[in-house]
Amino acid sequence: MLLYMSNATQKGASMSLHSVSVAGVVVRDDGRVLAIRRADNGTWEPPGGVLELHERPEDGAVREVLEETGISVAVDRLTGVYKNMSRGVVALVFRCRPVAGFARTSSESTAVEWLTPAEVEKQMGEVYAVRVADALSAGEAPHVRAHDGRHLLESA
């Protein structure tokens with residue numbers, strides 16, 4: 001877990017803690033997207049997890065996708081930055097393409113599927129479906145969004 005200490009904290013105020021996670025929206029040539037059903041809560045999400053202290057974000061996304069799905073990927077670009085305001089988790093999401101491997105479950109997933117964009121919208125919660133939609137959008141600039149763990153929050 002990465003921690004952030006603001007200047008105010010260094011001067012004796014309360015500490016702000018943040019965790020950084022990474023995820024890969026892996027897109028096949030046919031437009032299907034790699035998704036896992038998490039073992040801990042049963043939700044469908046793009047594969048991902050906590051960025052390790054020694055890792056570059058792109059390397060963390062590649063590692064997490066491989067660990068959770070058995071698919072090796074190449075990172076194309078950063079597509080979004082998402083903050084869970086209630087938990088202090090900042091997620092960096094990368095669009096990726098598969099390069100090798102066969103889909104399989106892990107200790108962190110009970111299912112691994114290649115979903116159509118319509119299936120993503122139907123099966124994933126709002127804060128994960130938007131990450132896939134953002135990764136599939138043609139824009140080059142990453143999206144920046146905040147949410148409360150379940151629903152997107154309006155921009156200021």
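See above for the structure.
Here the structure is a predicted model, which means the values were calculated and not measured. (Residues numbered from 1 in each chain as written. Predicted model: local features only at pLDDT ≥ 70, side-chain atom pairs only at ≥ 80, totals over all residues. Heavy atoms only, no water.)

S.K.: Explanation requested: the pairing of strand S1 (residues 19–26) in the structure shown.
M.R.: Looking along a regular strand, one sees the side chains alternate between the two faces of the sheet. Taking burial as the measure, the eight residues of S1 include eight buried ones, the bulk of the element. Of the two faces of S1, the one carrying Ser19, Ser21, Ala23 and Val25 and the one carrying Val20, Val22, Gly24 and Val26 are both buried. The pairing of S1 with strand S6 (residues 89–101) spans eight bridges and is parallel. Across the sheet, the residue bridging to serine 19 is valine 89, located in S6. Pairing analysis gives three bridges linking S1 to strand S4 (residues 48–50), with the strands arranged antiparallel. When the sheet's bridge partners are listed, alanine 23 is paired in S4 with glycine 48. (Buried < 20%, exposed > 50% of the residue type's maximum accessible area, 1.4 Å probe, protein only. Helix = DSSP H or I, 4+ residues; strand = E, 2+ residues; numbered from the N terminus. Pairing = 2+ DSSP bridges.)

S.K.: Would you take a moment to explain the environment of alanine 118 for this structure?
M.R.: Inspection of the secondary structure puts alanine 118 in helix H3 (residues 117–123). Along the chain, alanine 118 and arginine 32 lie 86 residues apart, while their C-alpha atoms are 9.7 Å from each other.

S.K.: Teacher, can you tell me more about the nonpolar core here?
M.R.: In globular proteins that are soluble, nonpolar side chains generally tend to be buried together. In terms of nonpolar packing, the biggest core is built from 17 residues, with Val25, Val33, Trp44, Val120, Met124 and Val132 touching the most fellow members. Elements represented by at least two residues in this core include exactly S1, strand S2 (33–38), S6, strand S7 (109–115) and helix H4 (126–136). The dominant element in this core, judged by the number of residues it contributes, is H4, at four residues. Among residues more than four places away in sequence, those in contact with methionine 124 are Ala35, Trp44, Glu45, Pro46, Glu119, Ala129 and Val132. Val20, Val73, Val112 and Trp114 belong to the second-largest nonpolar core, a separate cluster that totals 16 residues. (Core = buried A, V, L, I, M, F, W, Y, C linked by side-chain atoms within 4.5 Å. Contact = heavy atoms within 4.5 Å.)

S.K.: Looking at this model, I keep getting lost on the sheet that holds S4. Mind explaining?
M.R.: In any sheet, the strands associate via hydrogen bonds between backbone groups, in a parallel or an antiparallel arrangement. Read across the open sheet, the five strands follow the order S4-S1-S6-S5-S8; overall the sheet is mixed. The sheet is open, and its two edges are formed by S4 and strand S8 (143–147), each paired on a single side. The sheet shows a mean angle of 30° between the axes of neighbouring strands, direction not considered. Strands in contact with helix H2 (residues 57–69) are S1, S4, strand S5 (71–84) and S6; relative to S5, the strand with the most contacts, it is inclined by about 110°. Contacts from H4 reach S1, S5, S6 and S8, with the element oriented near 120° to S5. (Axes fitted to C-alpha atoms, helices over the stretch in contact; angles between N-to-C directions.)

S.K.: Can you help me understand the environment of aspartate 40 in this one?
M.R.: Positionally, aspartate 40 belongs in the loop between S2 and strand S3 (44–45). Classification of aspartate 40 as exposed rests on a relative accessible area of 58%. Aspartate 40 sits 70 residues away from threonine 110 along the chain, and the two C-alpha atoms are 9.1 Å apart. A polar contact is formed between the side chain of aspartate 40 and the side chain of arginine 38, at a distance of 2.3 Å. (Polar contact = N/O pair within 3.5 Å; in protein donor to acceptor, adjacent residues only side chain to side chain.)

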